[in-house]
Each structure stands twice: as C-alpha cells, then as structure tokens.
Amino acid sequence: MPDEIRKTHLKKQLTDPFGRHISYLRLSVTDRCDLRCTYCMAENMTFLPKKDILSLEEMVTLCDAFIQRGVKRIRLTGGEPLVRKGIDWLLPQLGDRLQAGLLEELTLTTNGTQLTKFAPLLYQSGVRRINVSLDSLNPDLFARITRRNQLEDVLKGIQAAKDAGLQVKINTVAQKGVNDQELSDIFNWCMREGLDLTLIETMPMGDVSGSREDTYFPLSDVVDTLKTNFTIEPTTYRTGGPARYYSVAGTEQKLGLITPLSRNFCDGCNRVRITCTGRIYMCLGQDDHVDLMQAMRSDSSGESLDNLLDTAMGLKPKGHDFSMKNGKMTGKVSRHMSHTGG
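In short, a report on the structure. No experiment lies behind these values; they were computed from the predicted model shown.

### Things to note about the overall build of the chain
Then comes step 1: Each helix and strand in the chain was counted, giving 12 helices and 14 strands.
Then comes step 2: Considering the chain as a whole, with its 342 residues, one finds that 57% of them fall into the buried category.
Then comes step 3: For the chain, contacts bridging at least 24 residues in sequence account for 73% of all contacts bridging at least 6.
Then comes step 4: For the chain, the accessible surface area stands at approximately 14800 Å², while carbon and sulfur atoms represent 46% of it.

### Observations concerning the pairing of strand β2 (residues 73-77)
The two faces of a sheet get side chains in turn, since along a regular strand they alternate between them.
Then comes step 1: Judged by how many residues are buried, β2 sits mostly within the fold: 5 of 5 residues are covered.
Then comes step 2: Where burial is concerned, the two faces of β2 agree: the one with Arg73, Arg75 and Thr77 and the one with Ile74 and Leu76 are both buried.
Then comes step 3: One ladder, built from 5 bridges, connects strand β1 (residues 24-28) with β2; its direction is parallel. By the bridge assignment for β2, Arg26 is matched with Arg75.
Then comes step 4: Of the crossover connections in this fold, the one passing from β1 over helix α2 (residues 56-68) to the parallel β2 is right-handed.

### What about the side chain of Thr107?
Then comes step 1: Looking at the secondary structure, you find Thr107 in strand β3 (residues 105-110).
Then comes step 2: Setting aside anything within four residues of it in sequence, one finds Thr107 in contact with Ile74, Arg75, Leu76, Val127 and Arg129.

### Comments concerning the layout of surface pockets
Then comes step 1: In this structure, the second largest pocket occupies an estimated 320 Å³ of space.
Then comes step 2: Lining the second largest pocket are 13 residues, with Lys50, Ile53, Leu54, Arg84 and Lys85 positioned closest to its centre.
Then comes step 3: Of the residues that constitute the lining of the second largest pocket, the class distribution is 6 nonpolar, 2 polar and 5 charged.

### Topic: the environment of Thr239
Then comes step 1: Locating Thr239 in the fold gives a position in the loop between β7 (232-234) and β8 (244-248).
Then comes step 2: On the accessibility criterion, Thr239 (16% relative accessible area) is buried.
Then comes step 3: Setting aside chain neighbours within four positions, we find Thr239 in contact with Arg73, Arg129 and Tyr245.

About the criteria used
- Residues numbered from 1 in each chain as written.
- Predicted model: local features only at pLDDT ≥ 70, side-chain atom pairs only at ≥ 80, totals over all residues.
- Heavy atoms only, no water.
- Helix = DSSP H or I, 4+ residues; strand = E, 2+ residues; numbered from the N terminus.
- Buried < 20%, exposed > 50% of the residue type's maximum accessible area, 1.4 Å probe, protein only.
- Contact = heavy atoms within 4.5 Å.
- Areas by Shrake-Rupley, 256 points an atom, 1.4 Å probe, with all protein chains shown as cover.
- Pairing = 2+ DSSP bridges.
- Right-handed = clockwise from strand over helix to strand, strands pointing away.
- 1 Å grid on protein atoms, 1.4 Å probe; cavity = no way out; pocket = protein on both sides within 12 Å on 5 of 7 lines; lining within 4 Å.
- Points joined across faces, edges and corners; volume = space filled by probe spheres on them.
- Nonpolar A, V, L, I, M, F, W, Y, C, P; charged D, E, K, R; others polar.

Printed below as a string of structure tokens:
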C-alpha cells in the first residue's frame, strides 16, 4: 500500500482559512482507558459499542488520506491507545508508511500502564518518542487522581520504554490544591531520569466532578518557583505541538508549557484531531466537526472523504475560546478529553 500512496502523492495540501498548512494528525484509536483520571473522565463512563468505532482498517485508510494531503506526523491517542484490541497490527501498518518515507514521525500519548508489554513493538514500528501522562509520584495521590492504584505499573512502563530506546516525555496536568505542591518534585525526578517534562493547564472540557476554577493553576507560577533552584531559559525548540519549551541549564532536558488559559497557543496551529468514531475536530476547544465515518463506509472511491477534508478545513477556527475571566472559565466544551483524543 505505501507504493500506491506514493503514486498519488501529493494531492492539494490541507490548508485552513488562515493559510496554515495541516501537517499533524492526532488520531484517537479508542475511547476506552484503564484509568479514570478525574479531570479527563467521569467515574462511571459509558463506552461506545464496537459498531460505532472505526475499524483498524478504516483508521489506516484515514491516515493514508491525510498523508496524501500533506500530513507528515501522526500521533496515536485515546482514551488509552494501547488498550485498543489490534493495536499490535495498527502500529506496524503505520510504521510501513514511516519506513517508506511517507511520514516523518509516528508518535503516541499513553498513560504508561501497558508499556512493559508494548514498548519493544513501538520501537520496532518506528516510534522514537512518546508522551506519558503522569500527574503524581505519590502512590496515594496518583490513586486519587486516576481512581486506580497503578503507579508502579506506570513507572515500570516508563523504564521499559527507555530500555527499548524510546525518548520519553512526561505530561503533567498542574492542578491547584491537588498536585501543585509536588510539581517541583516531579520536575526534579524528570531531570534525574533524563526525561523531558511538559506541564499543562487544566481545560474546561467534559462534565467531571469538581469545579475547574477550583483547580486552575497558571503555569507562570510554576516557572517562577522552579527558577529559584534552576536556570530556565525560553528556547525556539518546537515539536509541532502547542507547548512552548525552556532549556534547563546543566541538563539536556527541556521543560514545556501548554497554557490554553493563561497564554493562547493557537496562532501556529497545524493540527487536527480524529475521534475513534471518525469525527474530525479542527480545534480542541470548539464543537465544530465533520463526520468522516459515513463517507468512508458509503464511498469506496474515497472522493467523498477527500471532499469532506476540504469542508473541514473551511471550518477550522483561528483558535479556541478557552479563557479565565473574573475567576470563571469560559469557552467550555461538553466533550470529554478522552473522547476527543489527547
């Protein structure tokens, strides 16, 4: 199949109304997860039936359609992508596209619980770096945030990823009154372990327990605290995602900040997200979407799918509407992050 894609490559590149070329696809392969993080999911989630989820073959078809339109980087997300049945088939399929030069990078965001099993396959499939979500190194707090007692599994998974040759970046959602007092410890641990760290502000997504305003923690406060013990300087380094990166003197590690509320990161957005149901969301913080599943299942030529990608580009906004005003979050969307894909 990679040879067939190469013969038709390159169709007109996907471009939004603001002239931004879309080169980065985040594909959610499942809405399921083996954790229940309080800021991401409700405690009693209702997951989708199999018939409403894209098959793995359909996901490959979608990826090929995006590759033909100029996408060079694909990140697999969820839910937890490594709990998707058949992920051990999907990874080598996309790895073939990488080996053929049709993709520049294949990456993955995971909670780490399944990495002891899948880290070698990830490396064999061409994945070279992954993001691992980890909000606490304290077993009790980890269990409270995730509603599961699996910190040891995650830490073993991170080590397995490193042993397999994967570069690991830790993603930590900073929450006031939850883990804000531990952020310096997490940072120090990452520096010792040779791991990059990206801190993320909580976002007003989904119906979850507790008030988002109560746990909002502006990341500028974190940087000020870390600067008391480290020399941290802004850099021009970018990975294609929304984070702004800082160098840490005396280490090879980087500190990233994702600040949807305190500092909008949308100007250079080159991303779209596909849910496991085949919906394309042009913006994490907007509800506009286009349903690609029906087109895929009704048109074997792929023409309808191609036309819908153009329609989707026309709907991509300049940015999200998340903000903090007078102590209140605005721009809330009802979708859970686990549904949209991290």
